[in-house]
Amino acid sequence: MVNIDVILAQVFNGIQFGVLMALLATGLSLIFGMLGIINFAHGSLYMIGAYFVWTCMQMLNVPGKFWVGLIITLPLMAIVGLMIERFLLRWMYGQPVVYQILLTFGLLLVIQQSVALIYGTTPLPLGMPSSFEGEISLGLFRYPVYRLFTMILGLAIIFGVWYFIERSALGAIIRASAEDPETAKTLGVNTRRVYTWTFALGSALAGLGGGLHAPLIGGLQHTIGTEILLICFIVVVIGGMGSIRGALLGGIILGIVRGIAGVFWAPASDFVMFAAMGIILMIRPQGLLGRGGTR
Amino acid sequence: MKSIMTKIVIPGFILMLVFLCTGLLSTPAAQAVEKEIVWAIVDDFSGPFAATGVEGHNATVLFLEEHNYKMGPYTVKLVTRDTELKPAVGVRRLQEVIAEAKPLIVSSGNSSAVQLAMADIIGKTKGPIFWTDGWDTRLTGANGNRYTFRWASPNYTIARSALSSFLDKFPDVKKVIQIQMDYAWGYDMAENVEAVLKERGIKLLKTQYVPATAIDVSVFMTEAKGSGADAYIIGLYGKIFGIGLRQAHEFGLKKVMKVFSITGTLNMLRGIGSDALEGMYLADHWNHAMPNEWSRKFVEKYKKRWGVIPGDYAAKKYLECQLMERLIKHTGSADPKVLIPALEKLGEFDGPTGKENMAAWQHQIVHDFLLLRGKAPREKAYEDDYVEVVGAGRIYPRQGEKGFEFDRTKDPL
């Protein structure tokens, strides 16, 4: 007999995990939807974000250095994204997908090994901000404060990105550049610059995800981006490639399915993610909110 | 006359000198100085166990540098290969290194799945001498062979020595839940934990298996917390160890039950931090604060060379070098058929944990396995002061016991 408090806690675990994955998948989906690039290096951007936060925390001696580090990481990751797009990815637009995959996968390995050379292979500690330690009562059960916070913050950021892309004037330019670049160009839009900034935004989201997730993983290592990448792809496939709302929906579905599986048979919690992806691919190959066919 | 000198005498003299030198170099004494042995490290240099691989390599380099890359009359050439933590890759690299470099010794890593696959190849190819660090009991048990040796304690010992010490400390523990890794090492460890619990009449509520590549274990922690167990036994290693212990702390498991981790290697503790380790019990093969001469000297030398305090993996790799150097020097031989019987007759020696000895019948070095307690941040005297040694045990398989009805020294070489 499973208690209701355990079931609720597992559902919360699922949603929290799903939102965090959705945050990462939002960047991946944004890059694919707008630039048509399948970015295998996204996992290493997540990893660099976590290392940037750690580095900032070592260099700073101010109260709330985790949060300051997280804020500093955002523009730093955008710069990393800008450089990758400007010097590497730009040559891949319009090329066969296999070239994009080879380039971004190669980039993943290069970044991973570079981080190992710079920071070493020993896990680096990135503890939780002290004000977010411990648990909070949610009526029937208690839940870790930091997890609850990342869940709320993650949802807010995803909503913000969605609002920016779908409702703002700048978002309209990005969408126009993605859907009909030729017309956008004739209307005076510098599409190249739009692509660069879109990639920078996706990279910043990946770095933010890495920084937020780091206190939960008990030691940074250069390999942390590899496993997360696979889950991000599952989220994107379930939600629909190129759709931000799809990434959120995919993440939450994945998380809840994973959480409920955890109630009855915890070892199956990873297996069910792949099963869910397989079922969605069979029923709706373009994903739940995917439009099927992008630039 | 000048012409005869330049055309016959001088070239003839040079030719004679060449012959003389060639002759001298081919004498046994000169050959011994020139002879080279290959020490191959086939370890996990990438993937979740990369940090231990690097640490072991550094300890080997430290020893070889101290001895000017010489073992007895032989010059040592060090070659390295990466298993990538994959059994198939490990086997391929081992076969490559045997074919290309013909090593006398292969020193390898601590992933049991990789090690079991590699030990199988060593048994079939009859050599080279193989130092393994996998903890799976079978490596010096049913799956062992005459060429394979181990310092790391088997799961059999880890469960019986450290877990028993932990249970002795907390006699109120009547129900436990355990989390193990979903591969060869985890299954073997789970069985050994179950055996100890059964002997003591303690109820095992559940065994959770988690993949080594998992990035979140919150579902397992919530399940453990709601299980009503008195203790949570964590059998994780590598990256997932950090995730497991960090999240056990985050979900407040220490407040509702005792938490005991079967592993506690220093480089993994560094990633977790003392806030999470406080009040947890852990276990390890060795600790840099061991109060013996071997450890004091080794820590000093390692720290001076590499700038960091070594973990147990470095200690065991340094000891492997030390033992092999001693035997090569003593026997003057680089022949496994001479060195293996000499290793079997090693007897007692000073090692990382104090007095240690070789159990020849199973090719296992017998030494203490430690129980540790996680220190609070305020208790730490220096950065790497994460744990204190609070107990030790030395319970190894007995010859003739079920599954151990063999004598490796009788196997053909």
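It should be emphasised that the depicted structure is a prediction, and the values quoted were computed from it without experimental measurement. Position numbers for residues count from 1 along each chain, tracking the sequence in the order it is written. Ligands are numbered from 1 and chains lettered from A, in the order in which they are written. Confidence filtering applies because this is a predicted model: local features only for residues at pLDDT of at least 70, side-chain atom pairs given and counted only at 80 or more, and all residues used for totals across whole chains, interfaces and linings. Think of the side-chain values as coming from all heavy atoms in the structure, minus any hydrogens and water.

(A) Highlighting the overall build of chain B. Looking only at helices and strands, one finds 15 helices and 16 strands in chain B. Type-normalised accessible area, obtained with a 1.4 Å probe on protein chains alone, sets the label of each residue: buried when under 20%, exposed when over 50%, and partly exposed for intermediate values. Split into buried and exposed, the 413 residues of chain B put 61% on the buried side. Only the protein chains shown count as cover for residues, and all accessible areas are computed by the Shrake-Rupley method using a 1.4 Å probe. Only carbon and sulfur atoms are counted for the fraction: they give 57% of the accessible area of chain B, which is about 15800 Å². Where the 52 positive side-chain charges of chain B centre and where its 48 negative ones centre are 3 Å apart. Helix numbering and strand numbering both begin at the N terminus, where a helix is a DSSP run of H or I of at least 4 residues and a strand a DSSP run of E of at least 2. For the purpose of counting charges, residues Lys and Arg are taken to be positive, whereas Asp and Glu are taken to be negative. His and the chain ends are not included. Think of each charge as sitting on NZ of Lys, CZ of Arg, CG of Asp or CD of Glu.

(B) Quick look at the environment of Glu-55 of chain B. One can find Glu-55 of chain B in helix α3 (residues 50–66). As a C-alpha pair, Glu-55 of chain B and Ala-314 of chain B span 259 residues in sequence and 5.4 Å in three-dimensional space.

(C) Spotlight on the interface of chain B and chain A. The contact rule is simple, with two residues in contact once any of their heavy atoms fall within 4.5 Å. Taken together, the 35 residues of chain B in the interface contact 41 residues of chain A. Salt bridges, as used here, are contacts in which a Lys or Arg side-chain nitrogen is within 4 Å of a carboxyl oxygen on Asp or Glu. Across the contact surface, chain B and chain A share five salt bridges. Arg-147 of chain A is the salt-bridge partner of Asp-216 of chain B, the closest N and O atoms lying 3.2 Å from each other. Polar contact criterion, stated in full: a pair of N or O atoms within 3.5 Å, where within protein one must be able to donate a hydrogen and the other to accept it, and residues adjacent in sequence count only if both atoms are side-chain atoms. Between chain B and chain A we count 14 residue pairs in polar contact (both at pLDDT 80 or more) in total. Within the residue set of the side of chain B that touches chain A, elements represented by two or more residues are α3, β8 (203–210), α8 (218–225), α9 (239–250) and α11 (266–272) of chain B. For the side of chain B that touches chain A, the leading source of residues is α9 of chain B, giving seven residues. Here the term charged refers only to Asp, Glu, Lys and Arg, the term nonpolar to Ala, Val, Leu, Ile, Met, Phe, Trp, Tyr, Cys and Pro, and the term polar to all other amino acids, Gly among them. When the residues that make up the side of chain B that touches chain A are grouped by side-chain class, the tally is 14 nonpolar, 11 polar and 10 charged.

(D) Structural context of the environment of Ile-243 of chain B. For Ile-243 of chain B, the location among the structural elements is in helix α9. Given the relative accessible area of 3%, Ile-243 of chain B is considered buried. Spatially, the C-alpha atom of Ile-243 of chain B lies 6.9 Å from that of Asp-216 of chain B, the residues being 27 residues apart in sequence. For Ile-243 of chain B, the contacting residues outside a window of four places in its chain are Leu-216, Ile-217 and Gly-218 of chain A together with Ala-214, Ile-215, Asp-216 and Val-217 of chain B.

(E) Structural detail: the packing of aromatic side chains. Within 6.5 Å between ring centres, the rings of Phe, Tyr and Trp (the latter by its six-membered ring) count as paired, and their orientation is classed by plane angle as stacked under 30 degrees, edge-to-face over 60, tilted in between. In the structure shown here, the tally under the stated rule is 37 aromatic pairs over all chains. Where Phe-141 of chain A meets Tyr-143 of chain A, the ring centres are 6.2 Å apart and the plane angle is 85 degrees; that geometry is what we call edge-to-face. Looking at Phe-141 of chain A, the relative accessible area reads 8%, which means it is buried. A relative accessible area of 0% places Tyr-143 of chain A in the buried class. With centroids separated by 6.4 Å and ring planes inclined at 45 degrees, the aromatic side chains of Phe-404 of chain B and Phe-406 of chain B adopt a geometry described as tilted.

(F) Structural context of the nonpolar core. In terms of nonpolar packing, the biggest core is built from 205 residues, with Leu-220 of chain A together with Trp-131, Tyr-232 and Phe-260 of chain B touching the most fellow members. Broken down by element, this core gets its largest block of residues, 15 residues, from helix α1 (residues 4–35) of chain A. The contact partners of Phe-260 of chain B, leaving out residues within four places of it in the chain, are Ala-162, Leu-163, Phe-166, Tyr-232, Ile-233, Ile-234, Tyr-281, Leu-282, Ala-283 and Leu-371 of chain B. The set of buried Ala, Val, Leu, Ile, Met, Phe, Trp, Tyr and Cys residues whose side-chain atoms join them within 4.5 Å is what this entry labels a nonpolar core. Grouped together as the second largest cluster of nonpolar side chains are seven residues, Tyr-156, Ala-359, Trp-361 and Phe-406 of chain B included.

(G) Unusual backbone geometry, seen in detail. All names here are of chain B. That bond from Gly-127 to Pro-128 is cis: its omega, 0 degrees, falls within 30 degrees of zero. Considering the arrangement of structural elements, one finds Pro-128 in the loop between α5 (112–125) and β5 (129–132). Despite not being glycine, Lys-102 shows a phi value in the positive range, around 45 degrees. Mapped onto the secondary structure, Lys-102 falls in the loop between α4 (87–101) and β4 (105–108). For His-363, which is not glycine, the phi torsion reads 60 degrees and is therefore positive. In this fold, His-363 is placed in the loop between β13 (354–359) and β14 (364–366).

(H) Spatial organisation of the side chain of Glu-325 of chain B. Among the secondary structure elements, Glu-325 of chain B is positioned in helix α14 (residues 312–331). Residue contacts for Glu-325 of chain B: discarding those within four places in its chain leaves Phe-63, His-67, Lys-70, Met-71 and Gly-72 of chain B.

(I) Focus on helix α15 (residues 336–344) of chain B. All names here are of chain B. Within the sequence span of α15, burial applies to Leu-339, Ile-340, Pro-341, Ala-342, Leu-343 and Glu-344. Elements that come into contact with the buried residues of α15 comprise β5, β6 (148–150), α14 and β13. Between the side-chain oxygen at the start of α15 and the backbone nitrogen of Lys-337 there is a gap of 3.0 Å, and the oxygen is on Asp-335.

(J) Fine view of the pattern of salt bridges. Residue and element names in this part refer to chain B. One pass over the structure, following the stated rule, counts 36 salt bridges over all chains. Of the charged contacts in the structure, one is a salt bridge between Glu-65 and Arg-305, with a shortest N-O distance of 2.6 Å. Here Glu-65, found in helix α3, pairs with Arg-305, found in helix α13 (residues 293–306); they are 240 residues apart in sequence, far enough to count as distant. Look at Arg-305 and you get partly exposed, because its relative accessible area is 35%. Counted as one network, the salt bridges with shared partners bring together Asp-133, Asp-312, Lys-316, Lys-317 and Glu-320.

(K) Main features of the layout of surface pockets. The space that makes up the largest pocket amounts to roughly 580 Å³. Residue lining of the largest pocket: 26 residues in total, with Glu-227 of chain A together with Gly-47, Pro-48, Glu-84 and Lys-86 of chain B positioned closest to the centre. Among the secondary structure elements, those contributing two or more residues to the lining of the largest pocket are α4 (97–119) and α9 (224–239) of chain A together with α5 of chain B. The biggest single contributor to the lining of the largest pocket is α4 of chain A, with five residues. Domain assignment of the residues forming the lining of the largest pocket places at least three in each of domain 1 (32–152 + 290–367) and domain 2 (156–284 + 369–393) of chain B. Taken as a whole, the second largest pocket spans an internal volume of roughly 490 Å³. Elements with a contribution of two residues or more to the lining of the second largest pocket: α3, α11 and α13 of chain B. Top element by residues in the lining of the second largest pocket is α3 of chain B. It accounts for four residues. Residue ranges assigned to the domains are those given by an automatic or database domain assignment. Both domains that meet at the lining of the second largest pocket, namely domain 1 (32–152 + 290–367) and domain 2 (156–284 + 369–393) of chain B, each give it at least three residues. Site definitions follow a grid-based scheme: protein atoms alone, a 1 Å grid, a 1.4 Å probe that fits but cannot get out for cavities, and for pockets an open set with protein on both sides within 12 Å along at least five of seven lines, plus lining residues having an atom within 4 Å of a point. Grid points are joined across faces, edges and corners, and a volume is the space filled by probe spheres set on the points.

(L) Structural context of the pairing of β13 of chain B. All names here are of chain B. A pair of strands is treated as paired once DSSP finds two or more bridges between them. When strand β12 (residues 348–351) meets β13, the two strands line up antiparallel, connected through four bridges. Bridge pairing links Asp-350 to Lys-355 in β13. Between β12 and β13, which pair antiparallel one after the other, the connecting turn spans two residues. With three bridges connecting them, β13 and β14 associate as antiparallel partners. Residue Ala-359 lies in a different strand from β14, and its bridge partner there is Gln-364. As consecutive antiparallel partners, β13 and β14 are separated by four residues, and within that stretch His-363 has a phi angle of approximately 60 degrees, a positive value.

(M) The packing of α13 of chain B against α14 of chain B, seen in detail. Residue and element names in this part refer to chain B. Interhelical geometry of α13 versus α14 gives an angle of 105 degrees and a closest axis separation of 11 Å. Considering the angle they form, α13 stands roughly perpendicular to α14. Residues Trp-294, Phe-298, Lys-301 and Tyr-302 of α13 form the contact with α14, whose own contacting residues are Ala-314, Ala-315, Tyr-318, Leu-319 and Gln-322. Here the contact of α13 with α14 is built from residues that sort into seven nonpolar, one polar and one charged. Here, axes are lines fitted to C-alpha atoms. For helices the fit covers the stretch in contact, and angles between N-to-C directions go from 0 to 180 degrees. Angle categories: roughly parallel below 35 degrees, roughly antiparallel above 145, roughly perpendicular from 65 to 115, and oblique for all the rest.

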